[in-house]
Amino acid sequence: MTVALTDSQFERYARHLILDEVGEAGQAKLMSARVLVVGAGGLGSPVLLYLAAAGVGTLGIVDDDAVDLSNLQRQIVHPTARIGVTKVESARSTLAALNPEVAVETHLARLDEKNVEALVGAYDLVADGSDNFATRYLLNDVCYRLKKTLVGAALSPFEGQLSTFKAYLGKPHPCYRCLFREPPPPDSVPRCVEAGILGAVAGVIGTLQATEVLKELLGLGESLSGTLLLYDALRADFHRIKLPRDPDCPTCGG
Ligand SMILES: [Zn+2]
């Protein structure tokens, strides 16, 4: 792939271009990529900031919420001045200030069964920064069906987890349902809203999520597909769990 970079692009992306593993061809891949980020909250903030800084050409943001003062302790894409503004608009303003070359497509909606196919179908890759199981399972099943790579993350007060799902490629890649077949009963797992979270933990996991998105777009290194990466902030410890594909999985089995 060849694109003619402008002088200012050469300068902006110089630290990518100097890497043999990225270079002009890799930067061109990023600039032509379309990534959907679900949720402009604690995870979505660092994901959006780093993907915009990296020059990912088009970022879609799905969120139906408005910025609240209590969000700002971790949702670093939103400044105090935008309390009350929709998160998609607030994020769009921040990203435009960071890198005006990135096209930001805002979707002021809650992802649901009616809109998910059109939204996911319009992008190359999905980063799930949602905070609820209904969205997580919906994205897993639709990304599998539409053959889109899904980089998913989740948070608890002092812990986070991250994996990449591309079970559409076949064995041995698992999907999220291979790991946890059904969502837990509603309200059995508290969300950040109820449970609290050390804000920077969202930053650690969201930044790892952005890194995995960039690796997938560039085809760099080892994919997290088939591995769950767990972070324990209190012990300052990471560990990895192998995720086997389940031949009886209701989504990707058979
Ligand atoms: Zn599966």
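Residue positions are given per chain, counted from 1 along the sequence in the order it is written. In keeping with the model being predicted, local features are shown solely for residues with a pLDDT of at least 70 and side-chain atom pairs are shown and tallied solely at 80 or more, while totals for entire chains, interfaces and linings include all residues. Only hydrogens and water are set aside when side-chain values are computed; all heavy atoms of the structure are taken into account.

J.: Even after reading the chapter, I still don't get the pattern of salt bridges, so can you show me in this structure?
T.: Salt bridges are counted wherever a side-chain nitrogen of Lys or Arg sits within 4 Å of a carboxyl oxygen of Asp or Glu. What the rule picks out here adds up to 10 salt bridges. When the shortest N-O distance is used, the salt bridge between Asp-65 and Lys-87 registers 3.8 Å. You can see Asp-65 sitting in the loop between strand 2 (58-62) and helix 5 (87-98) and its partner Lys-87 sitting in helix 5, a full 22 residues away along the chain. To sort residues, take the accessible area from a 1.4 Å probe on protein chains only and compare it with the maximum for the residue type: under 20% means buried, over 50% means exposed, and anything in between is partly exposed. Note on Asp-65: relative accessible area 39%, which makes it partly exposed. Each of Asp-141, Arg-177 and Glu-182 takes part in one network of salt bridges that share partners. Numbering of helices and strands runs from the N terminus, with a helix taken as a DSSP run of H or I at least four residues long and a strand as a DSSP run of E at least two residues long.

J.: Please clarify how the packing of helix 3 (residues 23-32) against helix 10 (residues 199-218) should be interpreted in this entry.
T.: Two quantities define a packed helix pair, namely the angle between the helix axes and the distance between the axes. Where helix 3 contacts helix 10, the axes come no closer than 9 Å and their chain directions differ by 110°. The pairing of helix 3 with helix 10 is recorded here as roughly perpendicular in orientation. The crossing of helix 3 and helix 10 is right-handed. The segment helix 3 lies against helix 10, with Gly-26, Lys-29 and Leu-30 engaging Leu-214, Leu-217 and Leu-218. Only Asp, Glu, Lys and Arg are considered charged in this grouping, and only Ala, Val, Leu, Ile, Met, Phe, Trp, Tyr, Cys and Pro are considered nonpolar; every other residue, Gly among them, is considered polar. Looking at side-chain class alone, the contact of helix 3 with helix 10 contains four nonpolar, one polar and one charged residues. Axis angles are defined between N-to-C directions and span 0 to 180 degrees, where every axis is a line fitted to C-alpha atoms and, for a helix, only to the segment in contact. For classification purposes, angles smaller than 35 degrees are called roughly parallel, those larger than 145 roughly antiparallel, those between 65 and 115 roughly perpendicular, and all remaining angles oblique. The crossing is said to be left-handed when, going from far helix to near helix, the turn is anticlockwise and less than a right angle, and right-handed when the turn is clockwise. Any two residues whose heavy atoms approach within 4.5 Å at even a single point are treated as in contact.

J.: Can you help me understand the packing of aromatic side chains in this one?
T.: Given two aromatic rings, their pairing is described by the distance between the two centres and the angle made by the two planes. In summary, the pairing rule links any two rings of Phe, Tyr or Trp, Trp by its six-membered ring, whose centres are within 6.5 Å, and it sorts them by plane angle into stacked for under 30 degrees, edge-to-face for over 60 and tilted for everything else. Inspection of every chain in the model, using the stated rule, returns four aromatic pairs. Judged by centre distance (5.2 Å) and plane angle (75°), the rings of Tyr-137 and Tyr-176 are edge-to-face. With Tyr-137 in helix 7 (residues 133-145) and Tyr-176 in helix 8 (residues 176-179), the pair connects residues that are 39 residues apart, well separated along the chain. These aromatic residues form a ring-pair network of at least three members: Tyr-137, Phe-165, Tyr-176 and Phe-180. If you follow Arg-34 out to its NZ or CZ, it ends over the ring of Tyr-123, 4.6 Å from the centre. Geometrically, a lysine NZ or arginine CZ counts as sitting over a ring once it is within 6 Å of the ring centre and also within 35 degrees of the ring normal. Against the face of Phe-133 rests Arg-136, its NZ or CZ located 4.7 Å from the ring centre.

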